[in-house]
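Structural overview
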Amino acid sequence: MTKPDPVVIQELPVIQKIISDETWLEGERRGGYVSQEDPVVRERVCDVVLTIGERLRQMLQGENAV
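The structure reproduced in this document is the subject of the present report. (Residues numbered from 1 in each chain as written. Predicted model: local features only at pLDDT ≥ 70, side-chain atom pairs only at ≥ 80, totals over all residues. Heavy atoms only, no water.)

Before going further, it helps to spend a moment on the pattern of salt bridges. Following the criterion strictly, the structure yields 8 salt bridges and no others. Residues K17 and D21 are paired through a salt bridge, measuring 2.8 Å at the closest nitrogen-oxygen approach. Here the residue K17 and the residue D21 both occupy positions in helix α1 (residues 6–30), the gap between them amounting to 4 residues, near one helical turn. Its relative accessible area of 35% is what places D21 among the partly exposed residues. Its salt-bridge partner being R30, residue D38 comes within 2.8 Å of it at the nearest N-O pair. For D38, a relative accessible area of 14% translates into the label buried. For R30, a relative accessible area of 43% puts it in the partly exposed group. Here the salt bridges do not stand alone but share partners, grouping E26, R29, R30 and D38 into one network. (Salt bridge = Lys/Arg side-chain N within 4 Å of Asp/Glu carboxyl O. Helix = DSSP H or I, 4+ residues; strand = E, 2+ residues; numbered from the N terminus. Buried < 20%, exposed > 50% of the residue type's maximum accessible area, 1.4 Å probe, protein only.)

In structure tokens:
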């Protein structure tokens, strides 16, 4: 088994925060409870991670290049 990339380990709390935020936001939109496994939440989380992924990785690696 290969050792996981240390940056991936650092990204996990940020991704969990994105999941929490998107779950809360979708719950607000619908006016009730929404699961983290909800397809709309998953899609939004993927969109956010794909949008900020490279910048997040650069930040966590200490690279300030945009």
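Still more ground to cover, so stick around.
Another aspect to go through is the environment of D47. Structurally, D47 is set in helix α2 (residues 39–60). For D47, a relative accessible area of 35% translates into the label partly exposed. Each C-alpha atom of the pair D47 and I15 lies 12 Å from the other, and the pair is 32 residues apart in sequence.

Let's shift gears to the nonpolar core. Counting residues in hydrophobic clusters, the biggest one holds 6 residues: I18, I19, V34, V41, V45 and V48. Put simply, the parts of the chain that give this core at least two residues each are α1 and α2. Dropping the residues within four chain positions of it, I19 is found in contact with Q36, V41 and V45. (Core = buried A, V, L, I, M, F, W, Y, C linked by side-chain atoms within 4.5 Å. Contact = heavy atoms within 4.5 Å.)

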